[in-house]
Amino acid sequence: DTAVSQTPKYLVTQMGNDKSIKCEQNLGHDTMYWYKQDSKKFLKIMFSYNNKELIINETVPNRFSPKSPDKAHLNLHINSLELGDSAVYFCASSRGLGETQYFGPGTRLLVL
Amino acid sequence: AQSVAQPEDQVNVAEGNPLTVKCTYSVSGNPYLFWYVQYPNRGLQFLLKYITGDNLVKGSYGFEAEFNKSQTSFHLKKPSALVSDSALYFCAVRDLLYNFNKFYFGSGTKLNVKP
């Protein structure tokens, strides 16, 4: 069973569209994260939720909006997609704040 | 600010030889340090971490890392490299100063193990 899963795996879309990426973890963890990995493999945190409460909100455009309907899910909605949004987006979870993180397989987003 | 640096973009080693992937850190206070590995088209996998205690930390797949406070380093090592170790390796530090839920990742080091 996959511990941290993301859908879709690949997402190809046009500029200006709105898209969502879903993340689910079955580890019983309290904390979840979204990271963006650019073409140079640089990894940067975007958001973090703990018990459905937003605790990290980095300098990310307002077009990005996370939503956590429950502790096991953290979705990422992106409005008005831009070329620069093309990247791999990773979801992760940890048992608690600052604990070891477990990553999903990533969603490869390509904006044309 | 908390940060880690991985000075080598790429490390090449022959199978069977020892490998070292370097990481240096800059933190305020005691560091919590981590190593992750990323195989092609996969998410990051946790290898090992240092929080306190023994400076030599053992992790998954035969990897270990040595915490050196005087040199502010946390190098990843393995006595005998395997071709299957070829991947991208990330060092990370946890922010204990401003937001202890935040991790800072290094730029990654690509390890190539040749048969």
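Everything quoted here is computed from the prediction, not taken from an experiment.

**A short note on the overall build of chain A**
Here comes step 1: The number of helices and strands found in chain A is zero helices and eleven strands.
Here comes step 2: The secondary structure elements of chain A, listed N-terminal to C-terminal, are β-β-β-β-β-β-β-β-β-β-β.
Here comes step 3: Here the C-alpha radius of gyration of chain A, 13 Å, is about what a compact globule of 112 residues would show, namely 13 Å.
Here comes step 4: Within chain A, the fraction of its 112 residues that count as buried is 46%.
Here comes step 5: Here chain A displays about 5500 Å² of accessible surface, and carbon together with sulfur accounts for 49% of that area.

**Examining the overall build of chain B**
Here comes step 1: Scanning chain B from N- to C-terminus turns up zero helices and twelve strands.
Here comes step 2: Mapped from its N terminus to its C terminus, chain B presents α and β elements in the order β-β-β-β-β-β-β-β-β-β-β-β.
Here comes step 3: Computed over its C-alpha atoms, the radius of gyration of chain B comes to 14 Å, within 12% of the 13 Å expected for a compact globule of 115 residues.
Here comes step 4: With respect to the principal axes defined by its C-alpha atoms, chain B has extents near 45 × 30 × 20 Å.
Here comes step 5: Here chain B, with 115 residues, has 47% of them falling under the buried criterion.
Here comes step 6: Of the contacts formed within chain B by residues at least 6 apart in sequence, a portion of 55% connects residues at least 24 apart.
Here comes step 7: As presented, chain B carries roughly 5500 Å² of accessible surface, and 49% of it is formed by carbon and sulfur atoms.
Here comes step 8: When the 11 basic and 8 acidic side-chain charges of chain B are each reduced to a single mean position, those positions are 4 Å apart.

**A few points about the packing of aromatic side chains**
Here comes step 1: Across all of its chains, the model carries 16 aromatic pairs over all chains by this definition.
Here comes step 2: Taken together, a centroid distance of 5.5 Å and an interplanar angle of 80 degrees make the contact between A:F103 and B:Y36 edge-to-face. One end of the pair, A:F103, is in strand 10 (residues 101-103); the other, B:Y36, is in strand 5 (residues 33-38), on a second chain. The burial state of A:F103 is the same as that of B:Y36; both residues are buried.
Here comes step 3: Arranged with centres 6.4 Å apart and planes meeting at 80 degrees, the rings of B:F90 and B:F105 form a pair that is edge-to-face. One end of the pair, B:F90, is in strand 10 (residues 87-94); the other, B:F105, is in strand 11 (residues 103-105), and 15 residues separate them in sequence.
Here comes step 4: Counting every residue linked through ring pairs, the aromatic cluster contains A:Y33, A:Y35, A:F90, A:F103, B:F34, B:Y36, B:F46, B:F90, B:F103 and B:F105.

**Focus on the pattern of salt bridges**
Residues and elements named next belong to chain A.
Here comes step 1: This structure, assessed with the given rule, holds seven salt bridges over all chains.
Here comes step 2: Two residues, E82 and R63, come together in a salt bridge whose shortest N-O distance is 3.5 Å. In this pair, E82 sits in the loop between strand 8 (73-78) and strand 9 (87-94) while R63 sits in the loop between strand 6 (53-57) and strand 7 (64-70), placing the two residues 19 residues apart along the sequence.
Here comes step 3: In this structure E82 comes out as partly exposed when scored by relative accessible area, which is 41%.
Here comes step 4: Residue class for R63 comes out buried when judged on its relative accessible area of 14%.

The rules behind the values
Residues numbered from 1 in each chain as written. Chains lettered and ligands numbered in written order. Predicted model: local features only at pLDDT ≥ 70, side-chain atom pairs only at ≥ 80, totals over all residues. Heavy atoms only, no water. Helix = DSSP H or I, 4+ residues; strand = E, 2+ residues; numbered from the N terminus. Rg over C-alpha atoms; globule rule 2.2 N^0.38 Å. Buried < 20%, exposed > 50% of the residue type's maximum accessible area, 1.4 Å probe, protein only. Areas by Shrake-Rupley, 256 points an atom, 1.4 Å probe, with all protein chains shown as cover. Contact = heavy atoms within 4.5 Å. Lys, Arg positive; Asp, Glu negative; His and termini not counted. Charge placed at Lys NZ, Arg CZ, Asp CG, Glu CD. Phe/Tyr/Trp six-rings, centres within 6.5 Å; stacked < 30°, edge-to-face > 60°. Salt bridge = Lys/Arg side-chain N within 4 Å of Asp/Glu carboxyl O.

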